[in-house]
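# Survey of secondary and tertiary structure
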Amino acid sequence: VLAVPVLFKQALKDTEMEEGKSVSLHCELTKADAAVVWKKGEATLQASAKYEMKQKGTVAELVIHNAEPEDA
């Protein structure tokens, strides 16, 4: 059985945010419910009050709450 790699159908786009607000980042994958890991540089982000990860089908979403300039 040949495994088909998971690719991005729609990659992340630059998003402007307002400090103190929430911002949502989306990407779309070629395979539903594929494992997604969100990173900032080399650091893997973990779900917390600041970072909320959601995934429905082929769409993965990262919500950053109380956005700060350091979240760029």
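In this report, the structure presented in the accompanying data block is examined. Note that this is a predicted model, so its numbers are computed, not measured. (Residues numbered from 1 in each chain as written. Predicted model: local features only at pLDDT ≥ 70, side-chain atom pairs only at ≥ 80, totals over all residues. Heavy atoms only, no water.)

### Concerning the nonpolar core
- Of all hydrophobic cores here, the largest spans eleven residues; its members are Val-23, Leu-25, Cys-27, Leu-29, Ala-34, Trp-38, Leu-45, Tyr-51, Ala-60, Leu-62 and Ile-64.
- Counting only elements with at least two residues in this core, the list comes to strand E2 (23-29) and strand E6 (59-64).
- The contacts of Trp-38, once residues within four sequence positions are left out, are Leu-12, Leu-25, Cys-27, Ala-43, Thr-44, Leu-45, Met-53, Ala-60, Glu-61 and Leu-62. (Core = buried A, V, L, I, M, F, W, Y, C linked by side-chain atoms within 4.5 Å. Buried < 20%, exposed > 50% of the residue type's maximum accessible area, 1.4 Å probe, protein only. Helix = DSSP H or I, 4+ residues; strand = E, 2+ residues; numbered from the N terminus. Contact = heavy atoms within 4.5 Å.)

### Some remarks on the side chain of Asp-71
- Among the secondary structure elements, Asp-71 is positioned in the segment after E6.
- For Asp-71, a relative accessible area of 14% puts it in the buried group.
- There is a polar contact of 3.5 Å between the side chain of Asp-71 and the side chain of Tyr-51.
- At 2.8 Å, the side chain of Asp-71 forms a polar contact with the backbone nitrogen of Glu-68.
- Leaving out residues up to four positions away in the same chain, Asp-71 has contacts with Met-17, Lys-40, Lys-50, Tyr-51, Ile-64 and Asn-66. (Polar contact = N/O pair within 3.5 Å; in protein donor to acceptor, adjacent residues only side chain to side chain.)

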